[in-house]
Amino acid sequence: MTSKLKTVLLNIHNAAKTARRTAKDITLVAVSKTQSSDAITPILDQGQRVFGENKVQEAAEKWPRLREKYTDVKLHLIGPLQSNKVRQAIQLFDVIETIDRIKLARAIARISAEENKSVPCYIQINIGRENQKTGIAPDEADNFITLCRDELKLPVQGLMCIPPAEEDSKAYFTLMKEIAGRNGLGKLSMGMSDDYQDAILCGATSVRVGTAIFGAREPKE
Ligand SMILES: *Cc1c(COP(=O)(O)O)cnc(C)c1O
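Description of the structure in this document. Predicted model, so just to flag it, every value in this text is computed and none were measured. (Residues numbered from 1 in each chain as written. Predicted model: local features only at pLDDT ≥ 70, side-chain atom pairs only at ≥ 80, totals over all residues. Heavy atoms only, no water.)

Ile40, Ile43 and Leu44 are the residues of helix H2 (residues 37-45) that are buried. Here the buried residues of H2 occupy an arc of 100° about the axis, which is enough to place them on one side. Residues of H2 that are exposed and point more than 90 degrees away from the buried face comprise Asp38 and Asp45. For H2, the secondary structure elements touched by its buried residues are helix H1 (4-18), strand S2 (50-53), helix H3 (56-69) and helix H9 (211-214). (Buried < 20%, exposed > 50% of the residue type's maximum accessible area, 1.4 Å probe, protein only. Helix = DSSP H or I, 4+ residues; strand = E, 2+ residues; numbered from the N terminus. Arc of directions from axis to C-beta. Contact = heavy atoms within 4.5 Å.)

Within strand S1 (residues 27-31), four of the five residues are buried, leaving the element largely enclosed by the surrounding structure. In this sheet, strand S8 (residues 206-209) lies alongside S1 in parallel orientation, the contact comprising four bridges. Each residue of the ladder has a partner; that of Val29, found in S8, is Arg208. Summarising the sheet, S1 and S2 pair through two bridges and their orientation is parallel. Bridge assignment links Val31 to a residue of S2, and that residue is Gly52. (Pairing = 2+ DSSP bridges.)

What follows concerns the nonpolar core. Side chains of nonpolar character tend, in soluble globular proteins, to be buried together. Counting residues in hydrophobic clusters, the biggest one holds 66 residues, and the most contacted among them are Phe51, Ile108, Ile123 and Leu159. Sort the elements by how many residues they give to this core and helix H5 (residues 102-115) lands first, with six residues. If we skip the residues at most four places from it in the chain, Phe51 touches Val29, Ala30, Ser32, Ile40, Ile43, Leu44, Trp63, Val73, Lys74, Leu75, His76 and Phe214. (Core = buried A, V, L, I, M, F, W, Y, C linked by side-chain atoms within 4.5 Å.)

These figures come from the coordinates and say nothing about function on their own.
Below, the structure is given as structure tokens:
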């Protein structure tokens, strides 16, 4: 039986081929939010090493144990980060994908210096300019990126977005690629279970896939 993970990896490979890219240049971030350690272990045993969590607290409860056995795991924070959780996030995560406001950027810069740990960061872009979503507006992105890099000296490597639901994502992905390109940023985190192949065609360097690997999440209580 082919595992869901294998199917996703094959789809990534095929999308990369269509885009005349190599699958090596695309990182699969397996989104393990809400999944128990028992659900995550088989995915680790199949060789997956990069995971995404959206809550600092939940990641802190699950991953230190798992990392004792799987020491080469890389964790991406893909959910909103409150200022009072920044220190814990810096200690726990290998990439923070969700810098979405200046206050947070300043806190990360200050606490990274205190912790003597530099965590690669992505800026979250509110690419559909949706009121209910956080992130930097597309027309403010250039200034914000410059401020984070030049003034705060943050290791900004790329951009992340969650495009509007129920819409074709491709135009949004293309806009993301333009913003990254003109700012000299190499990493683009975009594409989820429903649209990761499109994201790869549009230039994603990492895709964040949960449901297609783990199955449907339990509905929130
Ligand atoms: C939950 C989540 C995902 C994964 O979504 P699926 O549709 O389950 O693949 C990706 N990115 C973010 C930011 C998420 O919160």
